[in-house]
Every structure is written in structure tokens, then in C-alpha cells.
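Close look at the chain arrangement
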Amino acid sequence: DVPPTSPSVASMDATPLQAAFQVDEVAIRSILRYNALDPQATQYRYDPSAGISLVTSAGWPVHLGDDSDCELKMTRLREVSANLAQKNIVPVYLDLRVPDAPAYKR
């Protein structure tokens, strides 16, 4: 009975999970913080070297890294997403790991 707004996480690491696998504490904390800021954001990806990425409803990832500056990163996500939509640009990804220097790939 998991609520539909519960976040789900896909691992981007090809290594299969083993019994007693330890999930990165920062990644879990980050996902919970981002989900609290935007409960509609329920799909995430995790890569041990790059951190977490939120998957938008359009299906493209937003690389967030960790939960540092999470409020600013979510503000930038809304600003950049609106700007991209206005220009009819669908990015391959948006990188907000450095929120003062957002970058995207077409």
C-alpha cells in the first residue's frame, strides 16, 4: 500500500543489488527533500558518481547531485523549464548541480 506520490529510484549503476546492499544516505536524504519540495516529482535516478537526477513528467532528467541548495535548484528548474518550453526546446537533460550555472543538452 505505497502511496502514489512516494518517490521511486532507479539505479544507473549496472552492478546488480546484493543482499545487505547499503544505499547512499545522502542520496536518500536528497530524494526525500526534493520530493517534499515537489511531491509531484516521484521518479528519480541515482548514480554513485553523479548523484541523483529527477525525471520530469516529460521524461527528461534533471541532474541535481545532492540536496545542497535544493530550494534554489528547484527554483532554477521552474525558471529554466518555463524558458525552454517558451522556446519549444525539449532537452536531453538539464544539469542543475551548479544552480548558478544551469546547463542543458539539446
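Residues numbered from 1 in each chain as written. Predicted model: local features only at pLDDT ≥ 70, side-chain atom pairs only at ≥ 80, totals over all residues. Heavy atoms only, no water.

A short note on unusual backbone geometry
Residue Asp69 is not a glycine yet carries a positive backbone phi of 55 degrees. With respect to the helices and strands, the residue Asp69 is situated in the loop between strand S4 (61–65) and helix H2 (70–86). Phi at Asn88 takes a positive value of approximately 55 degrees, unusual for a residue other than glycine. Among the structural elements, Asn88 can be located in the loop between H2 and strand S5 (93–95). Looking at Asn88, the relative accessible area reads 69%, which means it is exposed. (Helix = DSSP H or I, 4+ residues; strand = E, 2+ residues; numbered from the N terminus. Buried < 20%, exposed > 50% of the residue type's maximum accessible area, 1.4 Å probe, protein only.)

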